[in-house]
Structure formats: C-alpha cells, structure tokens
Amino acid sequence: TAALGRAMSGALMMADMLKGPRDLLTLQIDGDGPLQGLVVTADNHGHVKGYVKNPSVILPPNAQGHLNVGGGIGRGTLTVIRDMNLKDPYIGQIPLVTGEIAEDLTAYYAQSEQIPSSVGLGVLMNRENTVRRAGGFVVQLMPFADEDVIRQLEENIRGISSVTAILEEESTPEHLLGTVLKGFDLQVTSVEDVCFQCNCSRERFERGLLLLGKDELESMIADGKDVELTCQFCNSVYTFSPEDIRTVLGNLSVS
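Bear in mind that the values here come from a model prediction, so they are computed numbers and not experimental data.

(A) Here's a closer look at the packing of aromatic side chains. Here the structure, examined in full by the defined rule, presents three aromatic pairs. Ring geometry for Tyr51 and Phe233: centres 5.0 Å apart, planes at 80°, overall edge-to-face. Of this pair, Tyr51 sits in strand β3 (residues 47-52) while Phe233 is found in the loop between β9 (227-230) and β10 (237-240), placing the two residues 182 residues apart along the sequence. Taking relative accessible area as the criterion, Tyr51 reaches 16% and is therefore assigned buried. Note that Lys49 overlies the ring of Phe233, its terminal NZ or CZ placed 4.4 Å from the centroid. Above the ring of Phe240, the side-chain terminus of Arg202 is found at 4.1 Å from the ring centroid.

(B) Inspection of the nonpolar core at higher detail. The biggest cluster of nonpolar side chains holds 33 residues, and the ones touching the most others in it are Met14, Leu25, Leu38, Val40, Leu78, Ile101 and Leu105. Going through the elements one at a time, α1 (2-15), β1 (24-31), β2 (37-43), β3, α2 (69-73), β4 (76-83), α3 (102-112) and β6 (117-125) are the ones with two or more residues in this core. When residues of this core are assigned to their parent elements, the largest contribution, nine residues, is made by α1.

(C) Main features of the sheet that holds strand β8 (residues 195-196). Pairing in this open sheet of six strands is mixed, and the strands run β5-β4-β1-β2-β3-β8 from one edge to the other. Two strands lie at the open edges of the sheet, namely β5 (90-95) and β8, each paired on one side alone. Across seven bridges, β1 lies against β2 in antiparallel orientation. Across the sheet, residue Gln28 finds its bridge partner in β2, namely Val39. Most of the contacts of α1 go to β2, to which it runs at about 30°, and overall it touches β1, β2, β3, β4 and β8. Packed onto the sheet, α3 meets β1, β4 and β5 and runs at close to 115° relative to β5.

(D) A look at helix α4 (residues 147-158). Taking 1.5 Å as the rise per residue, α4 with 12 residues should run 16 Å; its terminal C-alpha atoms sit 16 Å apart, in good agreement. Taken together, the buried residues of α4 touch β7 (131-140) and α6 (173-180). The opening residue of α4, the one whose side-chain oxygen lies 2.7 Å from the backbone nitrogen of Asp148, is Asp146.

Analysis parameters
- Residues numbered from 1 in each chain as written.
- Predicted model: local features only at pLDDT ≥ 70, side-chain atom pairs only at ≥ 80, totals over all residues.
- Heavy atoms only, no water.
- Phe/Tyr/Trp six-rings, centres within 6.5 Å; stacked < 30°, edge-to-face > 60°.
- Helix = DSSP H or I, 4+ residues; strand = E, 2+ residues; numbered from the N terminus.
- Buried < 20%, exposed > 50% of the residue type's maximum accessible area, 1.4 Å probe, protein only.
- Lys NZ or Arg CZ within 6 Å of the ring centre and 35° of its normal.
- Core = buried A, V, L, I, M, F, W, Y, C linked by side-chain atoms within 4.5 Å.
- Pairing = 2+ DSSP bridges.
- Contact = heavy atoms within 4.5 Å.
- Axes fitted to C-alpha atoms, helices over the stretch in contact; angles between N-to-C directions.
- Expected span 1.5 Å × (residues − 1).
- Polar contact = N/O pair within 3.5 Å; in protein donor to acceptor, adjacent residues only side chain to side chain.

Below is the structure:
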C-alpha cells in the first residue's frame, strides 16, 4: 500500500507537467524484491490508476523504523513512459537507487532529463493498514537559478524529517509547500482534485482478445467454457462466453 501510494502521488505530480489533454504518464518499477514491482498511469486531469504485481507483502520496518518499501521492491529498474500521442512514446529508464521511489524519481530527473530536482513522497498509514493521508512534492530548479535560492531550498529540504511527519501535522498541500518553500514568495496558481480512475471497458478487453490470434481464439471456443478476464488496475471482471469469443473471432476475420 505504501509503495503504490508513493508511486501514485509521484505520477500525479509528474503527469501534471504534461501539456496535451490526452497525454499519459506511466511509471513502471521492476524489482527483485517480494513486491516484484508496480505500474502506475496518470494524466494531467488528476486521474491515476495503478497496481502492485504482488500486493500480499508485509515486511518488518527498516532501520529508520519506517515502512520498508525499498526492501519490498529490491534492486531493479524505473521506467518512465510519456505517451504524448506521437508515433512513439518517450521512454526513459534508470537503475533503481534505493527502491524507496522518491529518491528514484529524483535520480530519474537528474540522469534522464538533466533537471536538478528534489522529490519527496509519503503515505501515512492507519493501524488497520488503511491510508490516512498520502502526498508529496516535486521541486525543480529553473536554468541559471541563483545560488541563494539553491542554498535556501537545500536547507529547507534537509530540515524535513519525512513527508509523513508533515502529513501528520497538516493534510493540506499548501502546508506542505509552505514547509518546502519556506522563505520564498509562495503563490498557489491552481488547485486540482485528484482521484483513482480506471478507463477499462469490455471493448478494451475485446481488443485484447483480438491480439491472441485466430488459433488461440478457436481453441477457447472449442473448450466450451466462459472466459473471465480481470482488470489489474480496478479488479473489474469481464466474462466472455464461447459465443462472445466467436463474435470476436468474426471481427478478427473482418479486420
């Protein structure tokens, strides 16, 4: 839950920087830890969805007494995919630095996009393993930033014990920004609601079945049993009878 919450918070902020109304950003983390990795997709309208490959993982706290997200993810890669409705998406990939996600996104900006950045993420959990609050920040330097600005930012960020500590104090994004940007003339230019939203549909799964090809579809029809397909993001279940699959096969023949 902590890993997915951090990744979803980070993806929402990164996706907010996209320009096109149909642009999408996907974070894909692959690791050798028990979580195995996760996938998160967000747009610049405040919508996000995601899933963890192996969600049934509980680990002891790390050396700092925090949730051991890095231990759950392990070593591996972070892939950032920006789909801007061009012929090919932009794909950047780096080795994971810590697996704690915030440090990995900071490293991604520095290595793949050459943008000096600081990313902080946190998920505050209740005792029954539900989420009380989640959030974070992304601060990036403009080109030729003044040394005094850099020094003040570094001092502010060093003074933050953890994002969850700030979330515990106050839940508003403005409070978090005020802590990160202490000493600066902070002006809030816009506020956007965010929510989990999955755009799966029966039609999308029908298109997925088409990719299986004629032989596989004919085998499924001959089996004579219903086929249940589950969305990894929202757990919606779509059932296709042999007759439904026959219709899909007919569409394949037409195309």
